[in-house]
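Structure at a glance
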Amino acid sequence: MSVHIGAKENEIAETVLLPGDPLRAKYIAETFLENPKLYNEVRNMFGYTGTYKGKQISVQGTGMGVPSISIYIHELMQSYNVQNLIRVGTCGAIQKDVKVRDVILAMSASTDSQINRLTFGGVDYAPTADFELLKKAYDAGVAKGLQLKVGNVFTADSFYNENSDLEKWARYQILAIEMETAALYTLAAKYNRKAISVLTVSDHILTGEETSAEERQTTFNEMIEVALDAAIQ
Ligand SMILES: O=P(O)(O)O[C@H]1O[C@H](CO)[C@@H](O)[C@H]1O
Ligand SMILES: O=c1cc[nH]c(=O)[nH]1
């Protein structure tokens, strides 16, 4: 096992879905995977492996924010040789034409996290999705008839931030705010692995519109199916 993941060698698939919420990991495993086996309960950050349309897939909760996801994906890549990392997360929209319940593919991620500036001596690094996975996810969404939004998201270090200039981020074409993708793309690049973030708009930050619990579940299903269909292509 690694420090935070209690799986044995070979218990984790080479492709892993990564929700922030460990209960979303449980929901995905129990709803979409055949024969799901729980491999991690350390800190209740559930991880499961099962099969989807005949291919072995794992799903691992990451917790919220850059430090938390960084721990899990580091250990998945370094201790379990995971090759494909697909975040399935929620986000808050900041563009008028991005609606609650839309599914977003994050082509790139801007951030106020200092993690890359610390790594690169104050120089900016551009965290970017893997093109192959991005295309697979896009094709999977189109095949399902979804109007996907594709573009730059913003990975924020704080959920409650009084100082963020959302109008400026929107003017610079940021689609939505979430809290992990910049770290996912940067660490995947560091270890030469493939990563994509597939996000559901759970709320609209400008209008205050939110999804109901039931609507969230249905919309989450679309995001999860896009991620799983991209994983098996
Ligand atoms: O729904 P998840 O995947 O946790 O993603 C979003 O939700 C959390 C904030 O509520 C942050 O982790 C943010 O990135
Ligand atoms: O990080 C997040 C996630 C969902 N909604 C937000 O406003 N922010």
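By the naming in an unreviewed UniProt entry, the chain is Purine nucleoside phosphorylase DeoD-type, taken from Peribacillus saganii. Here the chain is described in UniProt, under the heading Function (unreviewed entry), as follows: "Catalyzes the reversible phosphorolytic breakdown of the N-glycosidic bond in the beta-(deoxy)ribonucleoside molecules, with the formation of the corresponding free purine bases and pentose-1-phosphate." Under the UniProt heading Sequence similarities (unreviewed entry), the note attached to the chain is "Belongs to the PNP/UDP phosphorylase family."

**So, the overall build of the chain**
Scanning the chain for helices and strands turns up 7 helices and 9 strands. Against the globule reference of 17 Å for 233 residues, the chain gives a C-alpha radius of gyration of 16 Å, in line with a compact fold. Seen along its three principal axes, the alpha-carbon backbone of the chain occupies a region of about 45 × 45 × 30 Å. Taken over 233 residues, the chain has a buried fraction of 54%. Contacts in the chain between residues far apart in sequence, at least 24 positions, make up 74% of those at least 6 positions apart. Looking at the chain as shown, the accessible area adds up to about 11300 Å², and 50% of this sits on carbon and sulfur atoms. Of note, the chain has its 22 positive side-chain charges centred 3 Å away from the centre of its 29 negative side-chain charges.

**A look at helix α2 (residues 66-80)**
Compared with the 21 Å implied by 1.5 Å per residue over 15 residues, the 20 Å span of α2 between its first and last C-alpha is a close match. Those residues of α2 that sit buried are Val66, Ser68, Ile69, Ser70, Tyr72, Ile73, Glu75, Leu76, Met77 and Tyr80. Just downstream of α2, Asn81 is the residue with a positive phi angle, here 55°.

**Brief notes about the nonpolar core**
The nonpolar side chains of soluble globular proteins are, as a tendency, buried together. Residues Ile12, Leu17, Leu85 and Ile104 are the most contacted members of the largest nonpolar core, which totals 67 residues. Ignoring anything within four residues of it in the chain, the contact list for Ile104 reads Cys91, Val98, Lys149, Val153, Leu175, Ala176, Ser197, Val198, Leu199 and Val201. In terms of nonpolar packing, the next biggest core, distinct from the first, is built from 7 residues, Ala156, Leu166, Ile174 and Ile177 among them.

**Section: the UniProt feature "binding site: a purine D-ribonucleoside" (unreviewed entry) in the chain**
Within this numbering scheme, the UniProt entry marks His4, Glu178, Met179, Glu180, Ser202 and Asp203 as carrying the feature "binding site: a purine D-ribonucleoside" (unreviewed entry). Spatially, the listed residues are scattered: they cover 200 residues, and their C-alpha atoms lie as much as 30.8 Å apart. Among the secondary structure elements, Glu178 is positioned in strand β8 (residues 174-178). With residues up to four places along the chain from it excluded, the contact list for Glu178 reads Arg87, Thr90, Cys91, Val153, Phe154, Thr155, Ala156 and Leu199.

**Section: a nonpolar patch on the surface**
Taken together, the side chains of Met107, Tyr138, Val142 and Val150 present a nonpolar region at the surface, about 330 Å² in accessible area. Mapping Tyr138 onto the fold places it in helix α4 (residues 131-143). According to the relative accessible area criterion, Tyr138 is partly exposed, its value standing at 39%.

Conventions used here
- Residues numbered from 1 in each chain as written.
- Chains lettered and ligands numbered in written order.
- Predicted model: local features only at pLDDT ≥ 70, side-chain atom pairs only at ≥ 80, totals over all residues.
- Heavy atoms only, no water.
- UniProt positions renumbered as here; feature names shortened; annotations may be inferred.
- Helix = DSSP H or I, 4+ residues; strand = E, 2+ residues; numbered from the N terminus.
- Rg over C-alpha atoms; globule rule 2.2 N^0.38 Å.
- Buried < 20%, exposed > 50% of the residue type's maximum accessible area, 1.4 Å probe, protein only.
- Contact = heavy atoms within 4.5 Å.
- Areas by Shrake-Rupley, 256 points an atom, 1.4 Å probe, with all protein chains shown as cover.
- Lys, Arg positive; Asp, Glu negative; His and termini not counted.
- Charge placed at Lys NZ, Arg CZ, Asp CG, Glu CD.
- Expected span 1.5 Å × (residues − 1).
- Core = buried A, V, L, I, M, F, W, Y, C linked by side-chain atoms within 4.5 Å.
- Patch = residues over 30% accessible without salt bridge, like charges linked within 9 Å, V, L, I, M, F, W, Y side chains within 5 Å.
- Salt bridge = Lys/Arg side-chain N within 4 Å of Asp/Glu carboxyl O.

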